[in-house]
Amino acid sequence: MDRMSSSMTSSMTGMGLGGITGLTSGMSTLSCVREQQITIGGMPSNYVPGLSASYNISSFCHRPGLTRRCAMQRAGPSAQHRPGRSHSTGALHRMKHSSRNSPNNQYTHNLICKLADQNERRRRHDTMELIPQSYYSQQPLKVELTEFYSRDNAKDHHTEQYELVNDNILPNPVLRRGQNFFFAVRFDRTYDKQQDVIRIVFCFGPKPSVTKGTRVVLSVNLNTQQGVFQHSRDMMGLGMARMQEATTTIAPIGTIGTMGTMTTVSTIGTMAPMSGMRETTTYGVRRSSFGNETMPLQHSPLSPPGPMDRPAIERFSAAAQHPSFGRSYGSRHGSRHGSSQNLTSMTHEMDKWDVSVQRQDGNTITFQVHVPATAPVGVWNCWVQTNRTGQRDNRHDYKCDEDIYVLFNPWCREDSVYMNNDAFRKEYVLNEQGKIWCGTWRQPKGRKWIYGQFDDVVLPACMYLLERSGLEHSERGNPVRVCRAISSIINANADDDGLMVGRYDGEYKDGVSPHAWTGSVAILERYLTNGGRPVEYGQCWVFSGLVVTICRALGIPCRSVTNYVSAHDTNRTFTVDKYFDRDGNEVPNGPDEDCFDSCWNFHVWNDVWMQRPDLPQGYSGWQIIDATPQEEAEAVYHCGPASVEAVRRGEVGFQYDTPFMYGQLNSELCHFQEEENSDWGFIRMASNQCQVGRKILTKNPSRDDDEGEGDLLEITHEYKSVDSSGPDRGTVIASCRGYQRLQQYYEYPDRNFDDVYFDLMDIDVVPYGQPFDCTMNIQNKSHEDRTILCVLTASACYYTGAIASRLRRAQGEFIVRAGQREVLKLHVTSQEYMDKLVDHSMVKVHAMAYVKQTRQAWSEEDDFPLNKPRMQVQVRSQPCVGQECSVTFGFQNPLTVHLTDCYFTVEGPGIQRPRQIRFRDVKPGEFVNFQDKMTPRRAGERHIVATFSSRQMDEIFGCAAVSVRG
């Protein structure tokens, strides 16, 4: 039967094996690939009789189903058979010049491939008879179990607070780049140094690529022993006498147990029993310094009993194949110890993935992996590949179940987000709560916000948002690109599916009011639960809180920043223009209906900390990003990162969006009144109003004030020069656009003949539900009487500066005697504003005056909030982990009407997940006292934040700090 099959194969191919060889070698589109020779028993393992021992028949023939298209040639006489050609050459000729779509041609091609494959398998069988059977007696190593020591690694990586790490079912490693981590693999048999090959592969993204740095292959070879592993990071000075880099002793998986108890885990062939693995809280550390002295090895409860020799560590690496971001900073600010040559070598090693064998104990091998400080940030997957030497096609691939989260590392000097102040890292990376400042520049109001970056929903939501942003996976190691992507994906516009929809008109019936949120966790969880559909609704301060959560979760230091009197210049004139007619009524959108400028009472953005190697030296540090959609940049609503120092210096030519941010802080408010004698129909009115960017605040990292505003920190000087050393505003504007228009339309007219002084008085704190007075002072400093037209208006407004509705208006013309003073007062009762107020309960007062004799024009406006009662939050007894405790929330209704559709929103990281609780109607003037039960999950200093909302009134919020015992 074998002879018959061989005979049939030979006849069908025309010339048997030689015919196949002649046919395929004549095809110009195919190439011969020389394979590495592996000698077994004195004979190459790929030896095939009738062929050169240096080539394999598989190099010539395709597998069935894989079509090789030949170049199309013109049909004609040249396609006919000519005498002297071999049969194989003629067959090739016919294949080349026949139609590509001919079924016979396809059939013939598939047939030759199939027959060649069959022949190759037979020849391999013949060759295997000459090879010792012991060579094939062992299959590749198979992985039975992996252990990433998530909790233990997290302690060194400052990630032990992440709930993903502490998951009881399948803890996920959360690691920071620029550091080492340990993981162990248990195989089905003992590792054979001579025949077994192990590769550790890390992949990132849908199409991992070695050249783009999203796929890393680390080969493990125990044949070469190099002694104890000491990474270059141990030897870098970093401003300390010693580095506490851990070469940690970890027990094999087969002996993992609890503290003081050694238990044996039975052999398991699948990954399912991962949930049964137990981890310890501490493990021994061998420390190394710049010198070669070593500290004594401390025995770990994970280690087997008895004395333990110093393990031999073998180290192998794979160089990062993508450009390293921030290398210049690492070398510029790194350690000065050692020679420059050694320092260069150390810096080079920091940019590579490394793997070393920490110990081998039976079938278990513990590895130590170094993640370079330039690695892309995101979810990585780990594969363990095994094969026998010379049998790479017979390979076993094992994919670990755990998602490996790799984050930025502000503790690592080589990372571009490195922050060298531990107190700042504690605040801007690890703090789960903070304050976002609202209100007005005269009456700042801090609102407590739970960032909750360690919640188990946050990191998965961050990774999904980065995927939706479209940022290339290979660029996710660059914090500049990552933060720019974050600024675009937070807000949801018509053209994308961002995280949250912004709304500013007070209509929130089909969603959640921005004032009802207590933190970011509930928003991110709703986003994931709804399949990535944008959450409704948010405003700039909510967007800022979300940015803080995402950045801190990813390891980027971040803070929320509030700019009071923030300009939104839409026509790039560095001015905010408003137009009024002769009667003092505002002209919407200007006379040409193309002016959409606005001046927000406050606007909240974010600062992120990073190095900027793309800018000249001196512009690193805090960078501005703004997630609130205002103006498109590169056809996308995103803003930043713009260097704070560049904005302060007026360097508007630097990336990204620096001119726009400069305009928000330094634009000028310009009011124009209709004037028949003007060449273009309007004249500019004088104003003694405070400038844009009046005050810039953030939370003080060294203070917490749950009852008042004692923890605010003014940072105006970081954004604007407070002395004459700063850049001239006109010069900066001239560098961005023509200066002639500024001179022609925006300069004040000659005011030498102005002799009447006007002043709009500031309004003190007004409790919600109480009346108030708007007062305007007029003083005639001339020796003649003056006829003055005055307009005084009080309106309910949004915090964006837009008018919601008019509350009251007074207008009149009267004579002010020479040298006399007059006071114009406008009284507004609670009944006149109660049902007209909108978000933040803000009132805008606008005053305008015109002197007929001198054509003097003046205008000014001021905003103030009506203060609502503050909620009191009290915990009756000291809470303990796992024990239920009572929390009381109370406030008094300041209104004379019932409050309907009432609900509380309560949240406390480590105590209570975000929860909304419906509440009954509240009577007029009633003191509300509501009690809720909570069960703390984590010990330490915690905060509880609550808000109350109703149809008639919202923005009632309060917070309390509690100490939870373990």
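What you see is a predicted model; the values in this text were computed from it and never measured.

Thoughts on the overall build of the chain
Line of reasoning, step 1. Regarding its fold elements, the chain presents 19 helices and 43 strands.
Line of reasoning, step 2. Split into buried and exposed, the 966 residues of the chain put 54% on the buried side.
Line of reasoning, step 3. Considering only residue pairs separated by 6 or more positions, the chain has 71% of its internal contacts joining residues 24 or more positions apart.
Line of reasoning, step 4. Just so you have it, the chain exposes about 42100 Å², and 47% of that area is on carbon and sulfur atoms.

Let's talk about the packing of aromatic side chains
Line of reasoning, step 1. Within the structure shown, the criterion is met by 33 aromatic pairs.
Line of reasoning, step 2. Plain terms: the ring middles of Tyr-504 and Tyr-799 are 6.2 Å apart, the flat faces sit at 45° to each other, and that makes the pair tilted. One end of the pair, Tyr-504, is in the loop between β18 (500-502) and α12 (521-529); the other, Tyr-799, is in the loop between β32 (786-797) and β33 (803-816), and 295 residues separate them in sequence.
Line of reasoning, step 3. A relative accessible area of 23% places Tyr-504 in the partly exposed class.
Line of reasoning, step 4. Of the aromatic side chains, those joined through ring pairs into one cluster are Phe-148, Phe-181, Phe-183, Phe-202, Phe-204, Trp-353, Phe-367 and Trp-380.

Looking at the sheet that holds strand β26 (residues 682-684)
Line of reasoning, step 1. Pairing is mixed across the open sheet formed by three strands, whose spatial order is β21-β25-β26. Each having just a single partner strand, β21 (575-580) and β26 make up the two edges of the open sheet. Each adjacent strand pair in this sheet contributes to an overall mean axis angle of 30°, direction not counted.
Line of reasoning, step 2. For β21 and strand β25 (residues 668-674), the ladder comprises six bridges, and the chain directions are parallel. Within β25, the position partnered with Thr-575 by the bridge is Glu-668.

Examining helix α13 (residues 540-554)
Side chains three or four residues apart in an α-helix point the same way, a direct result of the helix having 3.6 residues per turn.
Line of reasoning, step 1. The end-to-end C-alpha separation of α13 is 21 Å, in line with the 21 Å expected for 15 residues at 1.5 Å each.
Line of reasoning, step 2. In terms of burial, α13 is a largely internal element, 15 of the 15 residues being buried.
Line of reasoning, step 3. A positive backbone phi angle near 95° is found at Gly-555, which sits one or two residues after α13.

Looking at the environment of Arg-809
Line of reasoning, step 1. Mapped onto the secondary structure, Arg-809 falls in strand β33.
Line of reasoning, step 2. C-alpha separation for the pair Arg-809 and His-846, spaced 37 residues apart in sequence, amounts to 9.5 Å.
Line of reasoning, step 3. Apart from the residues lying within four places of it in its own chain, the contact partners of Arg-809 are Asp-583, Gly-584, Asn-585, Val-791, Leu-792, Thr-793 and Leu-826.
Line of reasoning, step 4. Engagement of the side chain of Arg-809 in a polar contact is seen with the side chain of Gln-811, the distance being 2.8 Å.

Comments concerning the pairing of strand β35 (residues 842-851)
Side-chain direction in a regular strand flips from residue to residue, so the side chains alternate between the two faces of the sheet.
Line of reasoning, step 1. Taken across its ten residues, β35 has ten buried, putting it largely inside the fold.
Line of reasoning, step 2. The two faces of β35 match: Met-842, Lys-844, His-846, Met-848 and Tyr-850 on one face and Val-843, Val-845, Ala-847, Ala-849 and Val-851 on the other face are all buried.
Line of reasoning, step 3. By the bridge criterion, ten bridges tie β32 to β35 in an arrangement that is antiparallel. Following the sheet pairing, Cys-797 is matched in β35 by Met-842.
Line of reasoning, step 4. Hairpin connection from β35 to strand β36 (residues 856-867): four residues lie between these consecutive antiparallel strands, with Arg-855 at a positive phi of about 60°.

Observations concerning the pairing of β21
Line of reasoning, step 1. Burial within β21 is extensive, with six of its six residues counted as buried.
Line of reasoning, step 2. With burial as the criterion, each face of β21 is covered, one bearing Thr-575, Asp-577 and Tyr-579 and the other bearing Val-576, Lys-578 and Phe-580.

Description of the nonpolar core
Line of reasoning, step 1. Grouped together as the largest cluster of nonpolar side chains are 76 residues, with contacts concentrated most on Leu-459, Trp-541 and Leu-554.
Line of reasoning, step 2. Only β15 (404-407), β16 (433-439), α10 (458-469), α11 (479-489), α12, α13, β20 (558-568) and β22 (598-610) provide two or more residues apiece to this core.
Line of reasoning, step 3. Sort the elements by how many residues they give to this core and α13 lands first, with eleven residues.
Line of reasoning, step 4. In this structure, Leu-554 is in contact with Val-377, Leu-407, Phe-408, Leu-459, Cys-462, Met-463, Leu-466, Val-482 and Ile-486, ignoring residues within four places of it in sequence.

A closer look at the pattern of salt bridges
Line of reasoning, step 1. Following the criterion strictly, the structure yields 45 salt bridges and no others.
Line of reasoning, step 2. The partner of Arg-786 in a salt bridge is Asp-755, and the shortest N-O contact between them spans 2.6 Å. Note that Arg-786 is positioned in strand β32 and Asp-755 in the loop between α18 (740-746) and β29 (756-760), a separation of 31 residues in sequence. Accessibility classification places Arg-786 together with Asp-755 in one group, the buried group.
Line of reasoning, step 3. Here the salt bridges do not stand alone but share partners, grouping Glu-163, Glu-432, Arg-937, Arg-938 and Arg-942 into one network.

Considering the environment of Met-419
Line of reasoning, step 1. Within the fold, Met-419 resides in the loop between β15 and α9 (422-430).
Line of reasoning, step 2. The class for Met-419 is buried, based on a relative accessible area of 1%.
Line of reasoning, step 3. Taking the C-alpha atoms as reference points, Met-419 and Gln-611, separated by 192 residues in sequence, lie 9.8 Å from one another.
Line of reasoning, step 4. Not counting residues up to four positions away in its chain, the partners in contact with Met-419 are Pro-410, Phe-424, Arg-425, Tyr-428, Pro-557, Trp-609 and Trp-622.

Notes on the confidence of the model for the chain
Line of reasoning, step 1. For the chain, mean pLDDT is 76; residues scoring 70 or higher make up 70% of the total.
Line of reasoning, step 2. Here residues 224-317 is a poorly scored stretch, pLDDT under 50, and it has 241 contacts once near neighbours within four places are set aside; other chains count.
Line of reasoning, step 3. Here residues 319-346 scores under 50 on pLDDT; set against residues more than four positions off or in separate chains, the count is 44 contacts.

Some thoughts on unusual backbone geometry
Line of reasoning, step 1. Here the residue pair Glu-536 and Tyr-537 is connected by a cis peptide bond, since its omega of 5° sits within 30 degrees of zero.
Line of reasoning, step 2. Residue placement: Tyr-537 occurs in strand β19 (residues 535-538).
Line of reasoning, step 3. Along the chain, Gln-655 connects to Tyr-656 via a cis peptide bond; the corresponding omega equals -10°.
Line of reasoning, step 4. As for its placement among the helices and strands, Tyr-656 is situated in the loop between α14 (644-649) and α15 (658-666).
Line of reasoning, step 5. In this structure, Tyr-149 is a non-glycine residue whose phi angle is positive, near 50°.
Line of reasoning, step 6. What makes Tyr-149 buried here is its relative accessible area of 1%.
Line of reasoning, step 7. The residue Asp-901 is not glycine, and still its phi comes out positive at about 50°.
Line of reasoning, step 8. Among the residues examined, Asp-901 registers a relative accessible area of 38% and is labelled partly exposed.

Things to note about the environment of Arg-559
Line of reasoning, step 1. Mapped onto the secondary structure, Arg-559 falls in strand β20.
Line of reasoning, step 2. When the C-alpha atoms of Arg-559 and Ile-624 are compared, they prove to be 9.9 Å apart, with 65 residues separating the residues in sequence.
Line of reasoning, step 3. In this structure Arg-559 touches Tyr-428, Val-548, Arg-552, Trp-605, Asn-606, Asp-607, Trp-622, Thr-698, Ile-715 and Glu-718, once residues within four positions along its chain are discounted.
Line of reasoning, step 4. Only 3.0 Å separates the side chain of Arg-559 from the side chain of Glu-718, close enough to count as a polar contact.

A look at the side chain of Asn-387
Line of reasoning, step 1. Here Asn-387 shows up in strand β13 (residues 378-388).
Line of reasoning, step 2. For Asn-387, a relative accessible area of 3% puts it in the buried group.
Line of reasoning, step 3. Among the polar contacts listed, one links the side chain of Asn-387 to the side chain of Arg-199, at a separation of 2.8 Å.
Line of reasoning, step 4. Setting aside residues no more than four positions away along its own chain, Asn-387 makes contact with Pro-140, Gln-195, Asp-196, Val-197, Arg-199, Arg-392, Asn-394 and Arg-395.

Points about the packing of α10 against α11
Packed helix pairs are specified by the crossing angle of their axes together with the interaxial distance, meaning the distance between the axes.
Line of reasoning, step 1. For the pair α10 and α11, interaxial distance at closest approach is 9 Å and the crossing angle is 90°. In this view, α10 runs roughly perpendicular relative to α11, as classed from their interaxial angle. Side by side, α10 and α11 meet where Leu-465, Leu-466, Arg-468 and Ser-469 of the first sit next to Val-482, Ala-485, Ile-486 and Ile-489 of the second.
Line of reasoning, step 2. In terms of residue class, the contact of α10 with α11 is built from six nonpolar, one polar and one charged.

The rules behind each value
Residues numbered from 1 in each chain as written. Predicted model: local features only at pLDDT ≥ 70, side-chain atom pairs only at ≥ 80, totals over all residues. Heavy atoms only, no water. Helix = DSSP H or I, 4+ residues; strand = E, 2+ residues; numbered from the N terminus. Buried < 20%, exposed > 50% of the residue type's maximum accessible area, 1.4 Å probe, protein only. Contact = heavy atoms within 4.5 Å. Areas by Shrake-Rupley, 256 points an atom, 1.4 Å probe, with all protein chains shown as cover. Phe/Tyr/Trp six-rings, centres within 6.5 Å; stacked < 30°, edge-to-face > 60°. Pairing = 2+ DSSP bridges. Axes fitted to C-alpha atoms, helices over the stretch in contact; angles between N-to-C directions. Expected span 1.5 Å × (residues − 1). Polar contact = N/O pair within 3.5 Å; in protein donor to acceptor, adjacent residues only side chain to side chain. Core = buried A, V, L, I, M, F, W, Y, C linked by side-chain atoms within 4.5 Å. Salt bridge = Lys/Arg side-chain N within 4 Å of Asp/Glu carboxyl O. pLDDT = per-residue confidence, 0-100. Parallel < 35°, antiparallel > 145°, perpendicular 65-115°, else oblique. Nonpolar A, V, L, I, M, F, W, Y, C, P; charged D, E, K, R; others polar.

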